[in-house]
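The primary structure of each chain is shown beneath.
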Amino acid sequence: MDESDYAELLSHIRRRIREAGSVDLDDALAAAASGGNRSPSAIVVAYLEQLRTVARLRSGLAVSDALLWLREHVATHNGEPVTGIHLDTADANGTYGDGTVDLTAASAPPQDPADAALGIEEIDHLLQLVRSDDAIGGLR
Amino acid sequence: LSIDLAKAKAYVDSFVSKIEPSLAPGASLLPASVKDGKAYEAVVLCDVVRHLVEDEDYEPTLHGEPAITLRAKGGEIDKKHPHFVLTHPDRPTLEAFTDIEFTTMSYLIDRAPAPEGRSHYHELDVLVVEEGTAGRPTPEEIAIAVECKATAFEKWQLRAVLGVRRELGLLSEHKLTGFAKWPTATVPITPASCLMLYSTASSVVEYRHAASTYGVDLVHRPA
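Quick summary incoming for the structure in this document. (Residues numbered from 1 in each chain as written. Chains lettered and ligands numbered in written order. Predicted model: local features only at pLDDT ≥ 70, side-chain atom pairs only at ≥ 80, totals over all residues. Heavy atoms only, no water.)

**Re the overall build of chain B**
- The helix and strand inventory of chain B stands at five helices and ten strands.
- Projected onto the principal axes, the alpha-carbon positions of chain B cover approximately 60 × 40 × 40 Å.
- Across chain B, contacts joining residues at least 24 apart in sequence account for 58% of those joining residues at least 6 apart.
- Taken as a whole, chain B presents about 9,400 Å² of accessible surface, with 53% of it coming from carbon and sulfur.
- Computed over 23 positive and 32 negative side-chain charges, the separation of the two mean positions in chain B equals 5 Å. (Helix = DSSP H or I, 4+ residues; strand = E, 2+ residues; numbered from the N terminus. Contact = heavy atoms within 4.5 Å. Areas by Shrake-Rupley, 256 points an atom, 1.4 Å probe, with all protein chains shown as cover. Lys, Arg positive; Asp, Glu negative; His and termini not counted. Charge placed at Lys NZ, Arg CZ, Asp CG, Glu CD.)

Right, dumping it as structure tokens:
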């Protein structure tokens, strides 16, 4: 693929994300990814990396993996395993509501974690293919 | 390896259909970008503890509550919030917190005007200090400071972390950090704090050279 192909791929990704109802997310990812005078292929890499990040964080998978490690390697002061990872919103002066948010849970359930994990694997595979594309000089 | 456009588009169509429900921000009042940032902070906190355990032989215990609870806004060290205590057979005990403000070097150099203003402290996403440190730690009390960025890397992030570095210490000959290898055994900074910027963007490594000159480690850590 040459850089014009990557420009078309970027447009395709952005359209699909917008059609999925995530216009604000696409705006933010595209604006951040296109900074610094990057080539279309570099923008595709930056966009996909951050799309992957958002999917991992909002599905709860990234924090669940962290919790899994903590439960195996860290004891609480009373000897029990770590029970969860939360965000306390009470100290934000009411801006974010009053309570705690479970960071290991999906932002917008119901979400099949297996589906999300499979989708993230596919992003990883596409990222690997793009990074190793001989036509644009391989690994960047 | 090679890829063609049609194959790449097919990948896109497939993964978008699978991750689509994950992208929705949900009904919470918590902005999605804030939740993303806090969730990444939790991932990095775990990574810091894991490195101290696996590379430096610390023994970790979670104090306060059986669950880790991150703060929505930064502030002083408050041991009512869950935090890690890290013990070592030969070294001082450490404590790891999130969302802690530190007292800036500029304030320590020129203490007027009193009381402390907003410019006299800055928030760090993850902080490791010696056990017993209280309030807003001074640069001399900080062992490890970490900034977390779960977005595409933008150059202002480098400028910001260099500003934090300036408020944590001055460029000097290399000083021992108290760690054997992680995050690093020495830094060219006095007082000798380790400062890292964790980023989900692989392009962060392109800026490592300039950052390392000032004892800042740029770490690519996917979520």
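Structure shown, so let's carry the discussion forward.
**Considerations on the sheet that holds strand β9 (residues 194-199) of chain B**
- In space, the eight strands of this open sheet follow the order β1(A)-β1(B)-β3(B)-β4(B)-β5(B)-β6(B)-β9(B)-β10(B), with mixed pairing throughout. Strands with a single pairing partner mark the edges of an open sheet, and in this sheet they are β1 (75-76) of chain A together with β10 (216-220) of chain B.
- By the bridge criterion, four bridges tie strand β5 (residues 121-130) of chain B to strand β6 (residues 142-149) of chain B in an arrangement that is antiparallel. Counted as the bridge partner of Val128(B) is Ile144(B) from β6(B).
- Against the sheet, helix α4 (residues 155-168) of chain B contacts β4 (94-103), β5, β6, β9 and β10 of chain B, and its axis sits at roughly 160° relative to β9(B). (Pairing = 2+ DSSP bridges. Axes fitted to C-alpha atoms, helices over the stretch in contact; angles between N-to-C directions.)

**A closer look at the environment of Glu101(B)**
Residues and elements named next belong to chain B.
- If you trace the backbone, Glu101 turns up in strand β4.
- In the structure, Glu101 is positioned 27 residues away from Gly74 in sequence and 6.2 Å away in space, judged by C-alpha atoms.
- Here Arg136 takes part through its side chain, which lies 2.8 Å from a polar atom of the side chain of Glu101. (Polar contact = N/O pair within 3.5 Å; in protein donor to acceptor, adjacent residues only side chain to side chain.)

**Concerning the packing of helix α1 (residues 3-19) of chain A against helix α1 (residues 5-23) of chain B**
- One can describe the packing of α1(A) onto α1(B) by two numbers: an axis separation of 9 Å at closest approach and a directional angle of 25°. Our classification of the angle between α1(A) and α1(B) gives roughly parallel. At the point where α1(A) passes α1(B), the crossing takes the right-handed sense. Of the residues in α1(B), those touching α1(A) at Asp5(A), Glu8(A), Leu9(A), His12(A), Ile13(A), Arg16(A) and Ile17(A) are Leu5(B), Ala8(B), Lys9(B), Val12(B), Asp13(B), Val16(B) and Leu23(B).
- Of the residues contributing to the contact of α1(A) with α1(B), the split by class is eight nonpolar, one polar and five charged. (Parallel < 35°, antiparallel > 145°, perpendicular 65-115°, else oblique. Left-handed = near helix turned anticlockwise from the far one by under 90°. Nonpolar A, V, L, I, M, F, W, Y, C, P; charged D, E, K, R; others polar.)

**Re the nonpolar core**
- Ile85(A) and Ile144(B) are the most contacted members of the largest nonpolar core, which has 49 residues in total.
- In contact with Ile144(B), not counting residues within four places along its chain, are Leu52(B), Val126(B), Leu127(B), Val128(B), Phe179(B), Trp182(B), Pro183(B), Cys194(B) and Met196(B).
- Judged by nonpolar contacts, the second largest core, of 37 residues, contains Val45(A), Val12(B), Val16(B) and Ile19(B). (Core = buried A, V, L, I, M, F, W, Y, C linked by side-chain atoms within 4.5 Å. Buried < 20%, exposed > 50% of the residue type's maximum accessible area, 1.4 Å probe, protein only.)

**What about the pattern of salt bridges?**
All names here are of chain A.
- One pass over the full model with this rule turns up 22 salt bridges over all chains.
- Across the pair Asp26 and Arg14 runs a salt bridge whose closest N-O atoms are separated by 2.8 Å. Taken together, the residues span a long stretch of sequence, with Asp26 in helix α2 (residues 23-33) and Arg14 in helix α1 at a distance of twelve residues.
- Overall, the relative accessible area of 0% leaves Asp26 in the buried class.
- In this structure, Arg18 and Asp26 form a salt bridge, with 2.5 Å as the shortest nitrogen-oxygen distance. (Salt bridge = Lys/Arg side-chain N within 4 Å of Asp/Glu carboxyl O.)

**Description of helix α3 (residues 40-58) of chain A**
Residues and elements named next belong to chain A.
- The end-to-end C-alpha separation of α3 is 27 Å, in line with the 27 Å expected for 19 residues at 1.5 Å each.
- The element α3 is largely enclosed, with a buried count of 18 among its 19 residues.
- Phi turns positive one or two residues past the end of α3, at Gly60, with a value near 85°. (Expected span 1.5 Å × (residues − 1).)

**Observations regarding the sheet that holds strand β2 (residues 67-71) of chain B**
- Taking strand neighbours across the sheet as the criterion, the three strands line up as β3(A)-β2(A)-β2(B) in an open arrangement whose pairing is mixed. Where the open sheet ends on each side, the last strands, each with one partner, are β3 (100-102) of chain A together with β2 of chain B. In this sheet, adjacent strand axes meet at a mean angle of 30° when their direction is disregarded.
- Taken together, the three bridges between strand β2 (residues 84-88) of chain A and β3(A) define a ladder with antiparallel strand orientation. Looking across to β3(A), one finds that His86(A) is bridged to Asp102(A).
- Where helix α4 (residues 61-73) of chain A meets the sheet, it contacts β2 of chain A together with β2 of chain B, and its direction lies at approximately 125° from that of β2(A).
- The strands that helix α2 (residues 32-54) of chain B touches are β2 and β3 of chain A together with β2 of chain B; relative to β2(B), the one it contacts most, it runs at about 130°.

**Section: the pairing of β2(A)**
- When you tally the buried positions in β2(A), you get four out of five residues, the bulk of the element.
- Alignment of β2(A) against β2(B), held across five bridges, turns out to be parallel. Within β2(B), the position partnered with Asp88(A) by the bridge is Arg71(B).

These results come straight from atomic positions and should not be treated as a statement about function.
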